[in-house]
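# Structural overview for review
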Amino acid sequence: MAIDFLGNGPSHAPETLVLAHGAGAPMDSEFLGFVSEALAARGVHVLRFEFPYMRARRESGKPRPPDREAVLLETWRQAIRECGVEGPFIGGKSLGGRMASMVADEMGAAGLICLGYPFHPPGKPERTRTAHLEGLRTPTLIVQGTRDPFGNREDVAGYALSTAIQVRWIEGGNHDLQVPGRAKAETWSETVEAVGAFGRG
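Residues numbered from 1 in each chain as written. Predicted model: local features only at pLDDT ≥ 70, side-chain atom pairs only at ≥ 80, totals over all residues. Heavy atoms only, no water.

What follows concerns the sheet that holds strand E1 (residues 6-8). Pairing in this open sheet of seven strands is mixed, and the strands run E1-E3-E2-E4-E5-E6-E7 from one edge to the other. The two strands at the open ends of the sheet, each matched to only one other strand, are E1 and strand E7 (165-170). Neighbour-to-neighbour, the strand axes of the sheet open up by a mean angle of 20°, direction not taken into account. The pairing of strand E5 (residues 111-115) with strand E6 (residues 140-145) spans four bridges and is parallel. Bridge pairing in E6 places Cys114 opposite Ile142. (Pairing = 2+ DSSP bridges. Helix = DSSP H or I, 4+ residues; strand = E, 2+ residues; numbered from the N terminus. Axes fitted to C-alpha atoms, helices over the stretch in contact; angles between N-to-C directions.)

The structure is reproduced here in structure tokens:
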């Protein structure tokens, strides 16, 4: 089945960013909508897509768990092949960004953008998801909240991450890159600014 993209911004922009959603929210979530529209306003072509389980959830209205990792990775490969650009920027929210990080080198991505990377399950810091990040060659930006239960500043400081990875911290931010007491748009705009600066590289 072909990938059904949701697009924002000029289709012939100098930069195309392909984004995947997190485990629990679809491609048209408030967060991904804000980020996509704000980047499009900066002249970036943003394409969002959904993994099969989320598409099935949308069609049936019934909850479904994420697909097996092999399915998620192959869906990412297909999205990159079908996006219409050779070597796009890729990334996504949480699960979507983690899966993108596992195919970025293989698929020749121009860059990788992870928005709230799930370094480990909440409360289980010993179960890290970082082994492949040690040798990652693709230029990478991770935007992470300092209070993210999936990996806070102290956790990340102890990881042997590739020198291709830069981490932009949202002070006080949680896994959704929100800060208690601050408007969502305010902190999400910080995320957009970081992504925009990385893309201009």
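Position of Ser101 among the secondary structure elements: in helix H4 (residues 95-101). Note on Ser101: relative accessible area 3%, which makes it buried. Ignoring any residue separated from it by four or fewer positions in sequence, one finds Ser101 in contact with Leu112, Tyr117, His132, Leu133 and Leu136. (Buried < 20%, exposed > 50% of the residue type's maximum accessible area, 1.4 Å probe, protein only. Contact = heavy atoms within 4.5 Å.)

Now for the side chain of Asp67. With respect to the element layout, Asp67 can be found in the loop between helix H2 (52-60) and helix H3 (69-82). Within the buried core, Asp67 has no salt-bridge partner, and the shortest N-O distance to an opposite charge, that of Arg64, equals 4.8 Å. A polar side-chain atom of Asp67 sits 2.9 Å from the main-chain amide nitrogen of Tyr53. Not counting the four nearest positions on each side in its chain, Asp67 is found in contact with Phe51, Pro52, Tyr53 and Leu72. (Lys, Arg positive; Asp, Glu negative; His and termini not counted. Salt bridge = Lys/Arg side-chain N within 4 Å of Asp/Glu carboxyl O. Polar contact = N/O pair within 3.5 Å; in protein donor to acceptor, adjacent residues only side chain to side chain.)

Let us now look at H3. For H3, spanning 14 residues, the distance from its first C-alpha to its last is 20 Å, which sits close to the expected 20 Å at 1.5 Å a residue. Three or more residues of H3 are buried, namely Leu72, Leu73, Thr75, Trp76, Arg77, Gln78, Ala79 and Ile80. Check the buried side of H3 and you find it contacts strand E2 (16-20), strand E3 (45-49), H2, strand E4 (89-93), H4 and helix H5 (104-107). Following H3 by one or two positions, Gly84 adopts a phi angle in the positive range, close to 90°. (Expected span 1.5 Å × (residues − 1).)

With that settled, the discussion passes to the packing of aromatic side chains. Summed over all chains, the structure comprises eight aromatic pairs. Each member of the aromatic cluster is reached from another via a ring pair, and the members are Phe5, Phe49, Phe51 and Trp76. (Phe/Tyr/Trp six-rings, centres within 6.5 Å; stacked < 30°, edge-to-face > 60°.)

Okay, the pattern of salt bridges next. Summed over all chains, the structure comprises 13 salt bridges. When the shortest N-O distance is used, the salt bridge between Arg168 and Glu190 registers 3.8 Å. Here the residue Arg168 occupies a position in strand E7, and Glu190 occupies one in helix H7 (residues 184-200), the gap between them amounting to 22 residues. Put simply, Glu74, Arg77, Arg81 and Glu106 are held in one network by salt bridges that share partners.

On to unusual backbone geometry, then. Of note, the phi angle at Ser94 is positive, near 50°, even though the residue is not glycine. Inspection of the secondary structure assignment puts Ser94 in the loop between E4 and H4. Look at Leu177: it is not a glycine, yet its phi comes out positive at around 55°. Its place among the elements puts Leu177 in the loop between E7 and H7. The class of Leu177 is buried, set by a relative accessible area of 0%.

So, on to the state of the cysteines. All chains considered together, the criterion is met by zero disulfides. Not engaged in a disulfide, the cysteine Cys83 finds its nearest cysteine sulfur in Cys114; these two sulfurs lie 17 Å apart. Looking at Cys83, the relative accessible area reads 9%, which means it is buried. (Disulfide = S-S within 2.5 Å.)

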